[in-house]
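Inside the fold
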Amino acid sequence: MTGKIIELGYMGLSVSDGDAWRKFAGDIIGMQVIEEEEDRYYLRMDEWHHRIVVHTDGDDDLAYLGWRVAGQPELEEVAVLLEQNGVEYRVGSEEEAQERKVLGLLKLEDPGGNPTEIFYGPRVDSHNPFHPGRPMHGRFLTGNQGIGHCILRQTDDDAAYKFYSMLGFRGSVEYHLPLPNGMTAKPIFMHCNDRDHSVAFGMGPMPKRINHFMVEYTDLRDFGITHDKIRQEARDVALTLGMHSNDRALTFYCANPSGWLWEPGWAARKAIDAQEYYVSDIFGHDNEAEGYGMDLKMKCD
Ligand code: MBD
Ligand code: FE
């Protein structure tokens, strides 16, 4: 069976400073903050009710990822696939589906122990126009490319590769990069739609489940304004403005209020079919603030 996952549909974050995140996600990044409940708030990026749930309970880490399938038959097919491959999962209850505002979901963990949800039927509030948290010239690139990509912690990269391949993702090692200790980093990038990668791993040991989340603007002006705001507020930048070899996106990496990285981006190319690998990024992406798990050299001399 080929892959049924069609996009990274939503993400749950656990944060200790809800107000700092409101300011970061709303005023700087441009997401719409939706307040409905006591213990969480929502971030909107498009017509969906939300794309990110911010749980204000204090973990400062990824809480869960939500991978979308088209409908109920596909969810049942994924359940069969998980069973055939000996992956434990639970069918989410009606209450759990309501909590996520989806029609149905499965709950499991990926091989790295990252809480993973596979769902269908998100609530789309097409009656309520998206209203960015700060004025924007364009939009967030979502649609059939999902909300972005993330780099996740794994303890066994081969197991992770098998798991995501089993779900239909394609990808490979896409870089060989020298590490300070003389070893070579061989990160793996995988896609499930036109976005160059929706999930990546293989960056070695990480203190948190997530290293970074990439969010893409449709308009260079919005990307530039975000970069200005980050610089004006002197927030930590781990990698400066630059262009990746794999997705060809213009990006930079800045610290979010939970102490992991946010990668605003613009103009990524679409995923390619046949695998390639690179030994360097194209320009920029110089190391700046240290200690965010991005201290490897992305560019050869
Ligand atoms: C990415 O999005 C990324 O985060 C890294 C480290 C390399 C290539 C593309
Ligand atoms: Fe990235």
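Report on the accompanying structure.

Reading guide: rules and limits
Residues numbered from 1 in each chain as written. Chains lettered and ligands numbered in written order. Predicted model: local features only at pLDDT ≥ 70, side-chain atom pairs only at ≥ 80, totals over all residues. Heavy atoms only, no water. Near = heavy atom within 4 Å. Polar contact = N/O pair within 3.5 Å; in protein donor to acceptor, adjacent residues only side chain to side chain. Areas by Shrake-Rupley, 256 points an atom, 1.4 Å probe, with all protein chains shown as cover. 1 Å grid on protein atoms, 1.4 Å probe; cavity = no way out; pocket = protein on both sides within 12 Å on 5 of 7 lines; lining within 4 Å. Sits in = over half its atoms within 2 Å of the grid points. Nonpolar A, V, L, I, M, F, W, Y, C, P; charged D, E, K, R; others polar. Pairing = 2+ DSSP bridges. Helix = DSSP H or I, 4+ residues; strand = E, 2+ residues; numbered from the N terminus. Axes fitted to C-alpha atoms, helices over the stretch in contact; angles between N-to-C directions. Contact = heavy atoms within 4.5 Å. Donors = N, O, S within 2.8 Å, 3.2 Å for Na, K, Ca; no water. Buried < 20%, exposed > 50% of the residue type's maximum accessible area, 1.4 Å probe, protein only. Disulfide = S-S within 2.5 Å. Phe/Tyr/Trp six-rings, centres within 6.5 Å; stacked < 30°, edge-to-face > 60°. Points joined across faces, edges and corners; volume = space filled by probe spheres on them.

Re the site of ligand 1
Every one of the 13 residues lining ligand 1 counts as a neighbour, but His-149, His-197, His-212, Asn-246 and Tyr-253 are closest to it. In this structure, an oxygen atom belonging to ligand 1 sits 3.4 Å away from a side-chain N or O atom of Glu-263. Within the complex, 99% of the 260 Å² of free accessible area of ligand 1 lies under protein. For ligand 1, the cavity whose grid points lie within 2 Å of the majority of its atoms is the largest cavity. Its residues placed into classes, the shell around ligand 1 shows six nonpolar, five polar and two charged.

Re the sheet that holds strand S3 (residues 40–44)
Taken in spatial order, the eight strands line up as S2-S3-S4-S1-S5-S8-S7-S6 in an open sheet, and their pairing is mixed. Edge positions in the sheet fall to strand S2 (32–34) and strand S6 (89–91), since each has one partner strand and no second. Direction aside, neighbouring strands of the sheet carry axes that sit 25 degrees apart on average. The pairing of S6 with strand S7 (residues 102–109) spans three bridges and is antiparallel. Residue Tyr-89 lies in a different strand from S7, and its bridge partner there is Leu-108. Here helix H1 (residues 18–29) sits on the sheet in contact with strand S1 (7–14), S2 and S3, set at roughly 5 degrees to S3.

Regarding the coordination of the iron ion (ligand 2)
Ligation of the iron ion (ligand 2) by protein atoms is provided by His-149 (NE2), His-212 (NE2) and Glu-263 (OE), these donors lying 2.1 to 2.2 Å from the ion. Mapping the donors of the iron ion (ligand 2) onto the primary sequence gives the spacing H-x62-H-x50-E. A residue pair is termed long-range when its members are at least 10 positions apart, and His-212 in strand S15 (residues 210–217) and Glu-263 in strand S18 (residues 261–266) qualify at 51 residues. Accessibility assignment for this pair places His-212 and Glu-263 in one class, buried.

Digging into the sheet that holds strand S19 (residues 283–284)
Pairing within the open sheet is mixed, and its nine strands lie in the order S10-S13-S14-S9-S15-S18-S17-S16-S19. The sheet is open, and its two borders are formed by strand S10 (170–173) and S19, each paired with just one other strand. By the bridge criterion, four bridges tie strand S17 (residues 250–255) to S18 in an arrangement that is antiparallel. Residue pairing across strands places Cys-254 opposite Trp-262, the latter belonging to S18. Taken strand by strand, helix H5 (residues 220–232) contacts S15, strand S16 (237–243), S17 and S18, and its axis lies near 30 degrees from that of S17.

A look at the state of the cysteines
For the structure on display, the rule yields zero disulfides. In this model Cys-254 remains outside any disulfide bridge; the closest cysteine sulfur is found in Cys-150, 16 Å from its own.

Some points on the packing of aromatic side chains
Summed over all chains, the structure comprises 19 aromatic pairs. Their ring planes at 80 degrees and their centres at 6.1 Å tell us that Tyr-10 and Tyr-64 sit as a pair that is edge-to-face. Taken together, the residues Tyr-10 in strand S1 and Tyr-64 in strand S5 (residues 61–68) connect sequence positions 54 residues apart. Overall, the relative accessible area of 5% leaves Tyr-64 in the buried class. Centre to centre, the rings of Phe-223 and Phe-252 are 5.7 Å apart; their planes meet at 70 degrees, and the pair counts as edge-to-face. Here Phe-223 is found in helix H5, whereas its partner Phe-252 is found in strand S17, with 29 residues between them in sequence. Accessibility expressed as a relative area gives 3% for Phe-223, which makes it buried.

Quick word on the layout of surface pockets
In this structure, the largest pocket spans a volume of roughly 310 Å³. As for the largest pocket, its lining consists of 20 residues, and the residues nearest its centre are Pro-207, Asn-211, Tyr-292, Gly-293 and Met-294. A per-class count over the lining of the largest pocket returns 13 nonpolar, five polar and two charged.

Some details on H1
Listing the buried residues of H1 in full gives Gly-18, Trp-21, Phe-24, Ala-25, Gly-26, Ile-28 and Ile-29. Once H1 finishes, Gly-30 follows within two positions and takes phi at roughly 105 degrees, a positive value.

Here we look at the pairing of S18
If a strand is regular, its side chains alternate between the two faces of the sheet. Counted residue by residue, S18 has five buried out of six residues, so it is predominantly covered. Of the strand pairs in this sheet, S15 and S18 are connected by six bridges, and their pairing is parallel. Along S18, the bridge assignment pairs Val-215 with Pro-264. In this structure, the hairpin formed by S17 and S18 is closed by a connection of five residues, where Gly-259 is found at a positive phi of approximately 85 degrees.

Observations concerning the side chain of Asn-193
As for its placement among the helices and strands, Asn-193 is situated in the loop between strand S13 (188–191) and strand S14 (199–201). One polar contact links the side chain of Asn-193 to the main-chain carbonyl oxygen of Ile-6, over a distance of 2.9 Å. Every residue in contact with Asn-193, bar those within four places of it in the chain, is listed here: Ile-6, Glu-7, Asn-144, Gln-145, Gly-146, Ser-198 and Ala-271.

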